[in-house]
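# Per-entry structural report
Residue-level listing of the chains:
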Amino acid sequence: MNPVEIKKGIYWVGAVDWNVRAFHGHTYSTPRGTTYNAYLIVDDKIALVDTVLGSFSEEMLARIREIVDPSRIDYVIANHVETDHSGALPALMKLCPKAKVLGTQRCGDGLYRSYYGKWDFTAVKTGDSLNLGKKTLSFIEAPMIHWPDSMFTYCPEETLLLPNDAFGQHLASSQRFADEVDPCALWDEAKKYYANILWPLGQIIGKKITDVAAAKLKIDMIAPSHGLIWRREPEKIIQSYLAWSRQETAPKAVIVYETMWEATAKMARCIASGLIDAGVQVKIYDINTSDRTEIFKEMLDSRAFCLGSSTHDNSMLPAMAGFMHLVEGFRPKGRIAALFGSYGWSGGAVKDLEAMAGAAGIELPLPSLQVKYSMDDAQKAACYEMGREFAKRILSK
Ligand code: FEO
């Protein structure tokens, strides 16, 4: 695949990782693969913005060679230290050892601790800029989007924002631009990416977008470091980020449960029936057979969660406990939950769920429901009624 000129003199020289299926260890499933985007800017001086995962170094270097000899690179802009964007630096710097590397101080520290390269590093701050000839690169620190070291690079002459992890998607494609691919897949992956990577950082993201808007930077293209480039109407993804960062929700419920012998699963379906009959959209996931990354995407704009577990050793089951641990870390705001679960000779799961939902800041407007062994007709009716009653709280919130 050739490099792609995204603006005059600015080329995508990244790599497409078609078959990666787990990202960040195994915290994020990537059924559609991903890309690592690097951008080569050819002016009087030559700059490369970000690199790719180390195993794709040769692929990136081959694309650069289609345009210039890598030894001619004057500047390497490291927007972010994480290895999916910096992994090819050691291979690149062997070919252009005199190039200056620019990034935040934290990025410089992280690069050193990652690769121990003796590179000519210069720390930059918000407001600093680099003149390449006809084009300028301005730097905007963006701590926690996605790591403390992160920054955005902006080219005012081309009204181009290179925000690294922000506005990305894990989506492998032979196309480079967002308007060239299936919009359902594109937005599904953009939302999944925000939910699983950026959800806990919403306040910071909202403030950064507000600050950038206040600076009146004209942006007509956003080229992130994962996935497709937003070439048309980039304000749509900016507005989506603002809505997600404000934790705006729709009257929908996501039901997640773990079950041993199906009693808790049957409770989930009874509660779902009550919700659906009362007019609430529902999605149901067995945590052991479902994609957790997909569940968090669905939870991102859902107002309500129903969370259930059977009891095992006086506690909730382990997959549900791991899931609740992540929910706690995401710090969802303004959500309500209904809790349920079955047990044999002693309860415990529902008590654990109540503690973890409370720690996550989730409101519990209804008493939790527990069933010994399996539901009788009265308990089936109680689960159904829980769904109907919970629907009233969801629709009135
Ligand atoms: Fe795509 Fe935070 O790395």
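Residues numbered from 1 in each chain as written. Predicted model: local features only at pLDDT ≥ 70, side-chain atom pairs only at ≥ 80, totals over all residues. Heavy atoms only, no water.

### Structural notes on unusual backbone geometry
- Unlike most non-glycine residues, glutamate 233 shows phi in positive territory, near 45 degrees.
- Even without being a glycine, glutamine 247 presents a positive backbone phi close to 60 degrees.
- Turning to its location among the elements, glutamine 247 is positioned in the loop between helix H7 (235–245) and strand E17 (250–258). (Helix = DSSP H or I, 4+ residues; strand = E, 2+ residues; numbered from the N terminus.)

### Some points on the packing of helix H6 (residues 202–214) against H7
- Remark: H6 packs on H7, axes separated minimally by 8 Å, with the N-to-C direction vectors making an angle of 140 degrees. Judged by the angle between their axes, H6 and H7 are oblique. Crossing geometry of H6 relative to H7 is assigned as left-handed. Only Ile238, Tyr241, Leu242 and Ser245 of H7 make contact with H6, whose side of the interface consists of Gly202, Ile205, Gly206 and Ile209.
- Class assignment for the residues of the contact of H6 with H7 results in 5 nonpolar, 3 polar and no charged. (Axes fitted to C-alpha atoms, helices over the stretch in contact; angles between N-to-C directions. Parallel < 35°, antiparallel > 145°, perpendicular 65-115°, else oblique. Left-handed = near helix turned anticlockwise from the far one by under 90°. Contact = heavy atoms within 4.5 Å. Nonpolar A, V, L, I, M, F, W, Y, C, P; charged D, E, K, R; others polar.)

### Some remarks on the pattern of salt bridges
- One pass over the structure, following the stated rule, counts 26 salt bridges.
- For glutamate 58, the salt bridge goes to arginine 65, with nearest N and O atoms at 4.0 Å.
- Given the relative accessible area of 44%, arginine 65 is considered partly exposed.
- What emerges from the salt-bridge pattern is a single network uniting Arg32, Asp188, Glu189, Lys192, Lys283, Glu294, Lys297 and Glu298. (Salt bridge = Lys/Arg side-chain N within 4 Å of Asp/Glu carboxyl O. Buried < 20%, exposed > 50% of the residue type's maximum accessible area, 1.4 Å probe, protein only.)

### Things to note about the sheet that holds strand E19 (residues 302–309)
- On the basis of which strands lie adjacent, the open sheet formed by 5 strands has the order E18-E17-E19-E22-E23 and parallel pairing. The outermost strands of the open sheet, each flanked by one partner alone, are strand E18 (281–286) and strand E23 (369–372). On average, adjacent strands in this sheet sit at an angle of 15 degrees to one another, irrespective of strand direction.
- Looking at chain direction, E17 and E19 are connected through 7 bridges and run parallel. When the bridges of E19 are listed, tyrosine 257 appears paired with glycine 308.
- Taken strand by strand, helix H11 (residues 349–359) contacts E19, strand E22 (336–343) and E23, and its axis lies near 160 degrees from that of E22. (Pairing = 2+ DSSP bridges.)

### Here we look at the domain arrangement of the protein chain
- Per the domain assignment, the segments of the protein chain are domain 1 (4–245) and domain 2 (254–396).
- Computed from C-alpha atoms alone, the centre-to-centre distance between domain 1 and domain 2 is 38 Å.
- Between domain 1 and domain 2, the residue contacts involve 13 residues of the former and 14 residues of the latter.
- Carbon and sulfur atoms supply 58% of the area buried between domain 1 and domain 2, which totals about 1,300 Å² over both sides.
- Note that lysine 297 is salt-bridged to aspartate 188, the shortest N-O span being 2.5 Å.
- Applying the counting criterion to the domain 1 and domain 2 interface returns 6 residue pairs in polar contact (both at pLDDT 80 or more).
- Considering every element that reaches the side of domain 1 that touches domain 2, the biggest residue donor is helix H5 (residues 183–198), with 6 residues.
- Its residues assigned to classes, the side of domain 1 that touches domain 2 shows 6 nonpolar, 4 polar and 3 charged. (Domains from an automatic or database assignment. Buried area = accessible area lost by both parts, 1.4 Å probe. Polar contact = N/O pair within 3.5 Å; in protein donor to acceptor, adjacent residues only side chain to side chain.)

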